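Per-entry structural report
Listed below are the residues making up each chain.
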Amino acid sequence: MDGHSNAVVFLGKVANSDEITLIKPRFSVLNAGLVEDGIQAAIDIADLGDTVLVRAFSGNYSQIVMDRRVAVRLEGLGVPTIRSQFNEPAVVFPSGTDTLTLIRGIHIDGTGAAGAVRAYGGARIENCTIVGGAVGVLCETGSNVRISGCTLKGCPIGIKDQGTAVVENCTADSCTTGYSGLYTTEFRNSIATNSTGYGFVGGDVYYCISPSGFNSASETGTTTEDPLYCGPGDYTLRADSYGNPDNNPSGELIGAHPVRCLWGTLARDVTYGSALD
């Protein structure tokens with residue numbers, strides 16, 4: 001293969017249908033053979049721009065450390081789960097990681113950990129479901145993190161930023177506080193429900209929904225109305241929700257989940273319904 005061909009490094013099987021694949025866009029195929037801990041092994045040999053693909057299996061992956069200080073993209077096929085062990089975070093972004101370092105589409109269970117995901121450097125976290133942990137995503141001092149399309153459930157604090165973070169299109173449910181930030185934090189088009197405290201604390205908040213209210217540095221286009229989920233445990237939105245792009249001044253979706261059901265008597269329901277399925 002030439003130096004510009006896409007190449008795949010297959011890192012073997014851990015259990016059942018478990019597959020870890022490393023796509024190396026600029027290098028020839030490597031024969032990595034069987035490995036005991038596929039995800040971390042793939043990260044450890046990854047280079048700038050490589051992609052680690054993870055397929056779900058009937059079990060859990062152990063902690064991963066995105067420690068290459070390069071842009072490694074980790075994407076889930078199916079819904080693989082990375083679980084905290086020994087009260088340690090399930091996913092760690094160490095100090096010095098590139099701001100393009102990405103984890104996407106993974107179910108992360110941080111039960112017992114201070115933070116299910118802990119970021120000390122640069123990180124992008126997209127389309128993940130995060131449960132457990134005292135904090136779902138803990139962004140430490142000096143971190144630079146972008147979090148989008150994530151669902152956070154049952155953490156005392158869904159996302160806590162102590163560095164510089166942009167949080168957009170996320171949904172936090174049944175957290176004491178959905179989101180907590182500093183003056184360097186931006187919360188955009190996100191939802192916090194069933195919070196026993198404020199849904200949003202600190203930071204600048206734009207076009208967000210929190211029935212339990214806000215205690216933020218600034219607010220633009222926010223509301224305390226019910227986001228109108230389609231049903232219990234279903235975070236998709238009704239057509240008459242403020243989160244519908246047609247119904248809020250941002251013109252964009254609010255929350256991590258799309259509009260999927262009709263309700264209410266508003267005239268727009270009739271025309272919007274044709275696009276739901």
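Below is a summary of the structure that appears in this document. All residue numbers refer to position in the chain's written sequence, counted from 1. Confidence filtering applies because this is a predicted model: local features only for residues at pLDDT of at least 70, side-chain atom pairs given and counted only at 80 or more, and all residues used for totals across whole chains, interfaces and linings. As a convention, hydrogens and water are excluded, and side-chain values are obtained from all of the structure's heavy atoms.

1. A short note on the side chain of threonine 171
Using the following cut-off: Secondary structure counts use DSSP, requiring at least four H or I residues in a row for a helix and at least two E residues in a row for a strand, with both numbered from the N terminus. By the convention used here, residues are in contact when the closest approach between their heavy atoms is within 4.5 Å.
Its place among the elements puts threonine 171 in strand β18 (residues 171-173). Excluding anything up to four places from it in sequence, threonine 171 contacts Cys150, Thr151, Leu152, Tyr179, Ile191, Tyr229, Tyr235, Gly255, Ala256 and His257.

2. Notes on the packing of aromatic side chains
Short version of the rule: The aromatic pairing rule takes the rings of Phe, Tyr and Trp, using the six-membered ring of Trp, and pairs them if the centres are within 6.5 Å, calling planes under 30 degrees apart stacked, those over 60 edge-to-face and the rest tilted. Each residue is placed in one exposure class: buried if its accessible area under a 1.4 Å probe, protein chains only, is under 20% of its type's maximum, exposed if it is over 50%, and partly exposed if it falls in between. Remark: a charge is flagged as sitting over a ring if the NZ atom of Lys or the CZ atom of Arg is within 6 Å of the ring centre and within 35 degrees of the ring normal.
Tallied over the full model, the rule gives five aromatic pairs. Relative to phenylalanine 214, the ring of phenylalanine 200 has its centre 5.2 Å away and its plane inclined at 20°; by these criteria the two rings are stacked. With phenylalanine 200 in strand β22 (residues 200-201) and phenylalanine 214 in strand β24 (residues 214-215), this residue pair connects regions lying 14 residues apart in the sequence. Judged on exposure class, the residue phenylalanine 200 and its partner phenylalanine 214 are both buried. For the ring pair tyrosine 229 and tyrosine 235, a centre distance of 5.2 Å and an interplane angle of 80° mean the geometry is edge-to-face. With respect to burial, tyrosine 229 and tyrosine 235 carry one shared label: buried. Connected via pairs of aromatic rings, a cluster forms that spans Tyr179, Phe187, Phe200 and Phe214. Geometry around tyrosine 206 places arginine 188 over its ring, the cationic atom sitting 4.0 Å from the centre.

3. Digging into the state of the cysteines
For clarity, the threshold we go by: We call a pair of cysteine sulfur atoms a disulfide whenever their separation is within 2.5 Å.
The final tally for this structure, using the stated rule, is one disulfide. Residue pairing for cysteine 230: its cysteine sulfur links by disulfide to cysteine 261, the two sulfurs lying 2.1 Å apart. Given an S-S torsion of about -105°, the disulfide between cysteine 230 and cysteine 261 has left-handed geometry. Highlighted residues: cysteine 230 in strand β26 (residues 229-231) and cysteine 261 in strand β28 (residues 259-261), separated in sequence by 31 residues. A relative accessible area of 17% means that cysteine 261 is categorised as buried. Among the cysteines around cysteine 128, which has no disulfide bond, cysteine 150 carries the closest sulfur, lying 4.8 Å off.

4. Concerning the pairing of strand β16 (residues 157-161)
Under the convention used in this document: When DSSP finds at least two bridges between two strands, those strands are taken to pair.
As paired strands, strand β13 (residues 135-139) and β16 are joined by four bridges and run parallel to one another. Looking at the pairing, leucine 138 lines up with lysine 160 of β16. As defined by bridge partners, β16 adjoins strand β19 (residues 177-180) across three bridges and the pair is classed as parallel. Pairing of lysine 160 across the sheet is with serine 180, part of β19.

5. Looking at the sheet that holds strand β7 (residues 91-93)
If you trace the eight strands from one edge of the open sheet to the other, you get β4-β7-β10-β13-β16-β19-β22-β24, paired in parallel fashion. Sheet topology places β4 (64-65) and β24 at the edges, where each strand pairs with a single neighbour. Bridge count between β19 and β22: two bridges; the pairing is parallel. Within the sheet, the bridge partner assigned to tyrosine 179 lies in β22 and is phenylalanine 200.

6. A short note on the nonpolar core
Spelled out, the test is: Nonpolar cores were defined as sets of buried Ala, Val, Leu, Ile, Met, Phe, Trp, Tyr and Cys residues, with membership established by side-chain atoms within 4.5 Å.
Within the largest apolar cluster, 41 residues are counted, with the highest numbers of intra-cluster contacts made by Val91, Ile103, Ile108, Ile125 and Ile147. Listed by contribution, the elements that provide at least two residues to this core are α1 (38-44), β3 (51-55), β7, β10 (115-119), β11 (122-126), β13 and β14 (144-148). Not counting residues within four places of it along the chain, the set of residues in contact with isoleucine 125 comprises Phe93, Ile103, Val117, Val137, Val145, Arg146, Ile147, Ser148 and Cys150. Ile191, Tyr206, Tyr207 and Ala239 belong to the second-largest nonpolar core, a separate cluster that totals 11 residues.

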